[in-house]
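The chain contents come next:
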Amino acid sequence: MKSNVMYNNYEVKLDSSCYNILLGRDLLPDSLIENLNSKTKNKKVLIVFDPYFEDLVKGKVQDALTCAQYQVHTHLLKSGKHNKTIISAIGLYEFLEIKGFSRDSTIIAFGGGVIGDLVGFVASTYLRGVNFISIPTTLMAMIDSSIGGKVAINFRKTINAIGNYYHPMLDVIDFDFIKSLSDRDFRSGLAEIIKCAVIADKELFAYLDVNSEKVLSRQQDALLYIMSRAIEIKLDHVSGDVREQGKRLRLNYGHTLGHSVEISTDVLSETYRHGEGVSIGMIGAAYIAVKYFGKSDNILREHEAILKKYGLPTRVDSKAINFRRQDLIDECVRNVYKDKKKKNSQLRFVLPQVIGECGVYGDVSDDLVAQAFNYLIRS
Ligand SMILES: NC(=O)c1ccc[n+]([C@@H]2O[C@H](COP(=O)([O-])OP(=O)(O)OC[C@H]3O[C@@H](n4cnc5c(N)ncnc54)[C@H](O)[C@@H]3O)[C@@H](O)[C@H]2O)c1
């Protein structure tokens, strides 16, 4: 018996094509196969999957695709940002070449943001672009990384240093995958939803503030509302500005300082999840906003309150992660200038004046940037 439910079907218009983002439950494998049938005649498919989904991919999904006459290959890829590398990409290129994939074959990313970014990057570059489908399984990937066409790998100490803009031909967001996420990964995704509220939607911010218990206990109506708003805000900012020349820049709120904290602390292990880095980065950006606009610190206190409510980090405890405080501040200050949004060698910051409104500013002084890290990093 079919139990799949479709809550939303977003049609995303691009310059010369369009694709759909399906948001629903129990969408696999039926919605995937229906869409594959309508979008491609080539029956060759590769599913690159997170180990967590080995049984599902090699069982129900592969069986159904095989039944529908697809020639299915599978490739396991570990998540975690240390695996978003050129080495993992080369492993995939080799696989595609050995198995004879062509441009009209399809690669499916089945996992979180790491797998989506990496597989999307490989899909965009192999033979100058093969069909790509995204099946995001973390909250972060569902509401952020699978949308907007940014695909990339990390290189040395720069996050997403080598990348591309490449949209999937289908994005299947199956709500049910959220149930099994660890609390840490769930909260990490929530950080990006809080970011959306700060930059563009004060009603969403108020909802998150009042309904934290519902959200944290993953109640369906609460999740559906906050996820739909985050997806709509992302689509609105990306629409007409895929290459980040204007409005899309705002989605980087919290990322400039956050990325620097992520790479500066990440010597041996994943000290901070991406969303945790963004959470700390938003506090730093709110601190800069207070000083830059010379206003009261209300906005900073609102950030602290909501991020703490959702169990997200607001400071870096240098001792707990075995760093000397001043060394870590110096390292963060060094790394922040690797930011990709720089224009004429100048950092650009997204800064909010009030919740729900923000702008992009290119004249924040180096001194204020250093002060922000001083504020964020505790001993
Ligand atoms: N392209 C973009 O626009 C964009 C936007 C935001 C983030 N990102 C990137 O996304 C990455 C972070 O993504 P992430 O937070 O999803 O991390 P991730 O892909 O490493 O996944 C986190 C963990 O969740 C596990 N997992 C995945 N789905 C699960 C499920 N349903 N149930 C239980 N466990 C599950 C994975 O095995 C992994 O251990 C970063 O590399 C970041 O740069 C990209």
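Since the model is a prediction, treat every value here as computed from it, not as a measurement. (Residues numbered from 1 in each chain as written. Predicted model: local features only at pLDDT ≥ 70, side-chain atom pairs only at ≥ 80, totals over all residues. Heavy atoms only, no water.)

1. Description of the domain arrangement of the chain
Thought 1: In terms of domain boundaries, the chain breaks down into domain 1 (5-180) and domain 2 (183-378).
Thought 2: At the boundary of domain 1 with domain 2, total buried surface from both sides reaches about 3,100 Å², with 64% on carbon and sulfur atoms.
Thought 3: Considering only the side of domain 1, the residues that lose the most area to domain 2 are Lys81, Ile143 and Lys157, jointly responsible for 21% of the buried surface there.
Thought 4: At the junction of domain 1 with domain 2, the criterion picks out 3 salt bridges.
Thought 5: We note a salt bridge from Lys234 to Asp144, for which the minimum N-O separation is 2.5 Å.
Thought 6: Taken together, domain 1 and domain 2 are joined by 11 residue pairs in polar contact (both at pLDDT 80 or more).
Thought 7: The dominant element in the side of domain 1 that touches domain 2, judged by the number of residues it contributes, is helix α5 (residues 139-145), at 5 residues. (Domains from an automatic or database assignment. Buried area = accessible area lost by both parts, 1.4 Å probe. Salt bridge = Lys/Arg side-chain N within 4 Å of Asp/Glu carboxyl O. Polar contact = N/O pair within 3.5 Å; in protein donor to acceptor, adjacent residues only side chain to side chain. Helix = DSSP H or I, 4+ residues; strand = E, 2+ residues; numbered from the N terminus.)

2. Here we look at the packing of aromatic side chains
Thought 1: In the structure shown here, the tally under the stated rule is 11 aromatic pairs.
Thought 2: A ring pair is formed by Phe53 and Phe110, whose centres lie 5.4 Å apart and whose planes are at 50 degrees; its orientation type is tilted. Note that Phe53 is positioned in the loop between β3 (44-49) and α2 (54-67) and Phe110 in strand β5 (residues 106-111), a separation of 57 residues in sequence.
Thought 3: Here the aromatic rings of Tyr287 and Tyr375 are separated by 4.5 Å at their centres, their planes lie at 20 degrees, and the arrangement is stacked. Taken together, the positions of Tyr287 in helix α11 (residues 274-293) and Tyr375 in helix α14 (residues 366-376) put the pair 88 residues apart, joining distant regions of the chain.
Thought 4: A relative accessible area of 11% means that Tyr287 is categorised as buried.
Thought 5: Chaining the aromatic ring pairs together yields one cluster made of Tyr52, Phe53, Phe110 and Phe177.
Thought 6: The ring of Tyr70 has Lys43 lying over it, and the distance from NZ or CZ to the ring centre is 4.1 Å.
Thought 7: One residue, Lys44, lies across the ring of Phe101, its end atom 5.5 Å from the ring centre. (Phe/Tyr/Trp six-rings, centres within 6.5 Å; stacked < 30°, edge-to-face > 60°. Buried < 20%, exposed > 50% of the residue type's maximum accessible area, 1.4 Å probe, protein only. Lys NZ or Arg CZ within 6 Å of the ring centre and 35° of its normal.)

3. A few points about the site of the ligand
Thought 1: The local shell around the ligand holds 23 residues, among which Asp50, Gly113, Thr137, Thr138 and Ser180 are the closest.
Thought 2: Contact between the ligand and Thr138: an oxygen atom at 2.6 Å from a side-chain N or O atom of the residue.
Thought 3: Look at the ligand: alone it shows 880 Å² of surface, and the protein chains cover 88% of it.
Thought 4: For the shell around the ligand, the class distribution of residues is 6 nonpolar, 10 polar and 7 charged. (Near = heavy atom within 4 Å. Areas by Shrake-Rupley, 256 points an atom, 1.4 Å probe, with all protein chains shown as cover. Nonpolar A, V, L, I, M, F, W, Y, C, P; charged D, E, K, R; others polar.)

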